[in-house]
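Each chain, letter by letter, is given below.
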Amino acid sequence: MKFRNFKLVGYVIFGRGAFNQLDEIIAPRRKGDAPMIFFVDHFFEGNQPFLSRIPLRGKDKIVFIDVTHEPKTTYVDRLRDELKAEFGEVSGIIGIGGGSTMDMAKAVALMMTNPGSSADYQGWDLVKLPAVYKAGIPTLSGTGAEVSRTTVLTGPTRKLGMNSDYTPFDQIVLDPELISNAPVNQRFYTAMDCYIHCIESLEGTFLNAFSRSYGEKALELCQEIYLKKDRWDDDADEKLMMASYAGGMSIAYSQVGVAHAVSYGLSYLLGTKHGVGNCIVFDKLEEFYPAGVKEFKQMVDKHQVEIPQHITKGLSDADFETMIDVSMGLAPLWENALGKDWQTLMTRDRLRKLYEKL
Ligand code: NAD
Ligand code: ZN
């Protein structure tokens, strides 16, 4: 196939307070007395005012998602098994949280109908059957997980998404109020994931007018929020939420690049989380993205955010080899960043030197 035919999210609702409409949005999706399952980021455990707004009916259940570590295939399979044992069938799964919780919701929704382990479906277009109904409600913005056709999972042998036409959400609820209380550092790391998506897409060899249109807009929004504004306000929440959406749309039709390829290695070996890992890497990528890195450093300074340093100090040769293997396995990312001849440009030696700088 010459052009990819992309499956997008089904329905989108945007606006301050949109979360209050969740009950009516999901009502037509209820199947008899099969419950809706709400996957809620464990950050909200005990937050009664927030939890009381979740429209529980009948046998509906809230499951708190532990996102101390990024989603693993074993966690996905366990939750699927528990839900099947308790309810047999469910009407749907609603993920309320950051990228990790939204990815868990997508993955478990897929595994409610597809047999075996989620590890069997890490890759491209391996999922065979449609998922149960699934909706995503971000409480952190930047990853673009709300719009993407993947759900990133760490499995027994790799960190790779279940990338398929069945993966995008049926519904997303974009309510800027829900991201307003995120801690400054966490919000910055996740927002920079979006900023980095834009730079990698706009500077990449896969760029086309579709990706450029979304990428430029998302970049402009990030610049407004993090460079032009003097303080965080409601408008910043709204713009960040839309930047994440547009950034996700931009990479849908192109690819990410060097920062992601390198940070996947960190995350696989050290468990470094996606947002901060991308920041750690991007901070050292002047040779690939000079203008973007300069602007990134201005944002870091202005917001006085700490970017961890020397995290690969003291690692063994075997550790470096593992990270290099993981990173080199991400051929499409390297090809987008460096072109068809990427293997002559990014040697294992050069990559090792880059990892040593982090
Ligand atoms: P996250 O979901 O891992 O959450 C980070 C931390 O913030 C957690 O401690 C969480 O409890 C907390 N948190 C969430 N909402 C909060 C709020 N409103 N206030 C305070 N704390 C809050 O962070 P993330 O950066 O959104 O997501 C990273 C994940 O997204 C990774 O697992 C990554 O692999 C995945 N990802 C997926 C895609 C995709 O297309 N599917 C793209 C990029 C990244
Ligand atoms: Zn990312």
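Nothing here was measured: the structure is a model prediction, and the numbers come from that model.

Here is what the cut-offs are and how they apply
Residues numbered from 1 in each chain as written. Chains lettered and ligands numbered in written order. Predicted model: local features only at pLDDT ≥ 70, side-chain atom pairs only at ≥ 80, totals over all residues. Heavy atoms only, no water. Salt bridge = Lys/Arg side-chain N within 4 Å of Asp/Glu carboxyl O. Helix = DSSP H or I, 4+ residues; strand = E, 2+ residues; numbered from the N terminus. Domains from an automatic or database assignment. Contact = heavy atoms within 4.5 Å. Buried area = accessible area lost by both parts, 1.4 Å probe. Polar contact = N/O pair within 3.5 Å; in protein donor to acceptor, adjacent residues only side chain to side chain. Disulfide = S-S within 2.5 Å. Near = heavy atom within 4 Å. Areas by Shrake-Rupley, 256 points an atom, 1.4 Å probe, with all protein chains shown as cover. Nonpolar A, V, L, I, M, F, W, Y, C, P; charged D, E, K, R; others polar.

**Remarks on the pattern of salt bridges**
Counted under the stated rule, the structure contains 28 salt bridges. The salt bridge involving Arg149 is made with Asp165; its shortest N-O contact spans 2.8 Å. Of this pair, Arg149 sits in the loop between strand 6 (133–138) and strand 7 (152–154) while Asp165 sits in the loop between strand 8 (159–163) and strand 9 (171–174), and the two are 16 residues apart along the sequence. Two residues, Glu216 and Arg212, come together in a salt bridge whose shortest N-O distance is 3.5 Å. On the criterion of helical spacing, the pair formed by Glu216 and Arg212 is a turn pair, its members being four residues apart in helix 6 (residues 209–228).

**Observations concerning the domain arrangement of the protein**
Domain boundaries assigned for the protein yield domain 1 (11–179) and domain 2 (184–357). The C-alpha centroid of domain 2 is placed 25 Å from the C-alpha centroid of domain 1. Contacts between domain 1 and domain 2 engage 24 residues on the former and 23 residues on the latter. Buried surface at the junction of domain 1 and domain 2, summed over both partners, amounts to about 2,100 Å²; 63% is from carbon and sulfur atoms. Where domain 1 meets domain 2, there are two salt bridges. The interface formed by domain 1 and domain 2 contains nine residue pairs in polar contact (both at pLDDT 80 or more). Those elements that place two or more of their residues in the side of domain 1 that touches domain 2 are strand 1 (11–14) and strand 9.

**Brief notes about the state of the cysteines**
Applying the stated criterion across every chain, the model contains zero disulfides. Looking at Cys194, it has no disulfide partner, and the nearest cysteine sulfur is the one in Cys222, 3.9 Å off.

**Thoughts on the side chain of His274**
Here His274 is to be found in helix 9 (residues 274–282). Beyond its immediate chain neighbours, meaning those up to four positions away, His274 contacts Glu70, Asp193, His197, His260 and Tyr264.

**Re the site of ligand 1**
If you check the shell around ligand 1, you find 26 residues, and the closest are Asp41, Ser100, Thr139, Ser148 and Thr190. Within the side chain of Asp41, an N or O atom sits 2.6 Å from an oxygen atom of ligand 1. Here an oxygen atom of ligand 1 sits 2.7 Å away from a polar atom, N or O, in the side chain of Ser100. Taking 860 Å² as the accessible area of ligand 1 by itself, protein coverage stands at 92%. Of all the secondary-structure elements, those providing two or more residues to the shell around ligand 1 are helix 4 (99–111) and helix 5 (184–202). Tallied by class, the residues present in the shell around ligand 1 amount to 10 nonpolar, 11 polar and five charged. Each of domain 1 (11–179) and domain 2 (184–357) contributes no fewer than three residues to the shell around ligand 1.

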